[in-house]
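Structure at a glance
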Amino acid sequence: MRPNFFPLVFVGVLLIGLFYLGFNSIWLSDFRCNTPQTNGITKEKPHKDLGLHSLPGLLYKQSSVLNGRADVVCVTPWLAPIVWEGTFDPTLIDSIYKQQNITIATTIFALGKYTRFLKDFLESAEQHFFVGFQVHYYLFTDQPEAVPDIKFGEERQLKVQTVPKMDRWQDITMGRMEMIAKLTESELVNEVDYIFCLDVDTKFYARWSVEALGSLVGVIHPWFFNYPRDQFTYERRPESQAFIPPEEGDFYYAGGAFGGSIQEVHKLTKTCNEQQKIDAAKSIEAIWHDESHLNKYFLYNKPTKALSPEYLWRNINAHSDTIKTIRFCSVEKDVAEVRPNL
Ligand code: UDP
Ligand code: MN
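Just so it is clear, the structure is predicted and the values come from calculations on it, not from any experiment. (Residues numbered from 1 in each chain as written. Chains lettered and ligands numbered in written order. Predicted model: local features only at pLDDT ≥ 70, side-chain atom pairs only at ≥ 80, totals over all residues. Heavy atoms only, no water.)

A separate point is the overall build of the chain. Looking only at helices and strands, the chain has 7 helices and 10 strands in total. Looking at the chain as a whole, 46% of its 342 residues qualify as buried. Expressed as a percentage of contacts within the chain between residues at least 6 apart in sequence, the contacts between residues at least 24 apart total 74%. Carbon and sulfur atoms provide 57% of the accessible area of the chain, an area that totals close to 18700 Å². (Helix = DSSP H or I, 4+ residues; strand = E, 2+ residues; numbered from the N terminus. Buried < 20%, exposed > 50% of the residue type's maximum accessible area, 1.4 Å probe, protein only. Contact = heavy atoms within 4.5 Å. Areas by Shrake-Rupley, 256 points an atom, 1.4 Å probe, with all protein chains shown as cover.)

On to the site of ligand 1, then. Near ligand 1 you find 13 residues, and of these Phe109, Leu111, Tyr114, Asp201 and Lys333 are the closest. Contact distances for ligand 1 include 3.0 Å between an oxygen atom and a side-chain N or O atom of Asp199. In the model, an oxygen atom of ligand 1 is placed 2.6 Å from a nitrogen or oxygen of the Lys333 side chain. Going through the elements one at a time, β2 (103–110) and α4 (169–185) are the ones with two or more residues in the shell around ligand 1. Take the shell around ligand 1: its biggest share by element is 3 residues, from α4. Broken down by class, the residue content of the shell around ligand 1 amounts to 7 nonpolar, 1 polar and 5 charged. (Near = heavy atom within 4 Å. Polar contact = N/O pair within 3.5 Å; in protein donor to acceptor, adjacent residues only side chain to side chain. Nonpolar A, V, L, I, M, F, W, Y, C, P; charged D, E, K, R; others polar.)

Further remarks concern the environment of Val210. Tracing the chain through its elements places Val210 in the loop between β6 (202–204) and β7 (216–220). Residue class for Val210 comes out buried when judged on its relative accessible area of 0%. Between the alpha carbons of Val210 and Ile96 there is a distance of 9.3 Å; along the sequence they are 114 residues apart. Not counting the four nearest positions on each side in its chain, Val210 is found in contact with Ile93, Asp94, Tyr97, Ile102, Phe130 and Phe133.

Of the positions making up helix α2 (residues 90–98), those classed as buried are Leu92, Ile93, Ser95, Ile96 and Tyr97. Two or three places before Thr91, at the opening of α2, Asp89 has a side-chain oxygen 3.0 Å from that residue's backbone nitrogen.

Okay, the pairing of β7 next. Among the 5 residues that make up β7, 5 are buried, leaving the element largely enclosed by the rest of the structure. Side chains Leu216, Gly218 and Ile220 of β7 all project onto a buried face; the interleaved residues Val217 and Val219 project onto the opposite face, where all are buried too. As judged from the 4 bridges shared by β7 and strand β8 (residues 253–261), these two strands associate in the antiparallel manner. Looking across to β8, one finds that Gly218 is bridged to Phe258. As paired elements, β7 and strand β9 (residues 305–307) share 3 bridges and run parallel to each other. The residue of β9 that forms the bridge with Val217 is Lys305. (Pairing = 2+ DSSP bridges.)

This part takes up the packing of aromatic side chains. Summed over all chains, the structure comprises 26 aromatic pairs. Between Phe121 and Phe204, the aromatic rings sit 5.6 Å apart at their centres with planes inclined by 65 degrees, giving edge-to-face as the arrangement. Here Phe121, found in helix α3 (residues 118–128), pairs with Phe204, found in strand β6; they are 83 residues apart in sequence, far enough to count as distant. Residue classification places Phe204 among the buried residues on the basis of a relative accessible area of 2%. An angle of 75 degrees between the planes, with centres 6.3 Å apart, marks the rings of Phe121 and Phe328 as edge-to-face. Of this pair, Phe121 sits in helix α3 while Phe328 sits in strand β10 (residues 328–330), and the two are 207 residues apart along the sequence. Phe328 carries the same exposure label as Phe121, and that label is buried. Within the aromatic cluster, the residues linked to one another by ring pairs are Phe121, Phe129, Phe130, Phe133, Phe196, Phe204, Trp208, Tyr311 and Phe328. One Lys or Arg, Arg339, reaches over the ring of Trp169 and ends 3.7 Å from the middle of that ring. (Phe/Tyr/Trp six-rings, centres within 6.5 Å; stacked < 30°, edge-to-face > 60°. Lys NZ or Arg CZ within 6 Å of the ring centre and 35° of its normal.)

Glancing now at the packing of helix α5 (residues 262–281) against helix α6 (residues 290–300). Direction vectors running N to C along α5 and α6 enclose 120 degrees, while the axes themselves pass 9 Å from each other. When the axes of α5 and α6 are compared, the pair comes out oblique. Seen along the crossing, α5 lies across α6 with a hand that is right-handed. Residues Glu264, Lys267, Leu268, Thr271, Cys272, Gln275, Gln276 and Asp279 of α5 pack against Asp290, His293, Leu294, Tyr297 and Phe298 of α6. For the contact of α5 with α6, the residue count by class is 5 nonpolar, 4 polar and 4 charged. (Axes fitted to C-alpha atoms, helices over the stretch in contact; angles between N-to-C directions. Parallel < 35°, antiparallel > 145°, perpendicular 65-115°, else oblique. Left-handed = near helix turned anticlockwise from the far one by under 90°.)

Turning our eyes to something else, we now look at the environment of Phe251. Counting through the fold element by element, Phe251 comes out in the loop between β7 and β8. Spatially, the C-alpha atom of Phe251 lies 8.3 Å from that of Asn295, the residues being 44 residues apart in sequence.

With that out of the way, let us pick up unusual backbone geometry. Despite not being glycine, Phe130 shows a phi value in the positive range, around 45 degrees. On the secondary structure map, Phe130 appears in the loop between α3 and β3 (134–141). Positive phi values are uncommon outside glycine, yet Ser283 reaches one of about 55 degrees.

Structure follows, in structure tokens:
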């Protein structure tokens, strides 16, 4: 006699179906917690200072703890992120900062022959620098008449401050610390949230935006990112306030780009200016001027975010396997021709 399996199969299929439906409804109800009405993330208290919460329903690539850049280090030993192409999602990070009404200040100095760099700097910044955000450029120049006429995007503006001419290029580059310290002391405090201080002999080539924001931000210098620290060009004379011994130091940071919150950048520039003044009183000038003092400051006040050399590359024609995107880059210049005292 052949056994009749039909009732058994029928009951089995029924049970599997019921189980699947039940499981699914539990899973779906869980999933619904993350839909617009009751966003799973906003149920938790949002981060008070930064409000780093994502938008409900925003689609982006899944976050991963296993896959990412394997060829570079993406976090410092004090757990600050190091920003490289491939470490952030532009859509996600833009949407997070879009919810905050932030304004970013940028300081630029163009004295003497450096006014020639303004047009390319400003035009390329309009294409790549914090696009879609409120940007206030603060330009310090000894020739306001030489400022090019540029059409700025909505919610972006240029403020020009006239400063006296200076004879030594070293005084110009170091003098920035004092002027930025003054600017961030009062005028800017209620006007802007973050500030970046950038060299003007530069040009933007790709996105440079909210992924760079942090309380205290340094850029890893494009010449020294693969050097041992005893070969960094830190100030090595103990008489200088910028002195760093060969066995100390994290990275060699660029003087041509740094930033952070107004309060932190005020502290940084005020300290560096004071250190420069102490050196000057002793007739000593640090080897790389403001950059040497900036490096000393960052040794004791660790940046909360470090930007890879993508954020200030050395030459648009120089290539490196680790640099997938050149975002901002120095323009070639004949120093003997552009600097006033060479
Ligand atoms: N600078 C200037 N006029 C000068 C020399 C320097 O305006 O005659 C400013 C300008 O903003 C420049 C910055 O100081 O980007 C730093 O100088 P420089 O770019 O020459 O230094 P480097 O990047 O070559 O070390
Ligand atoms: Mn420069």
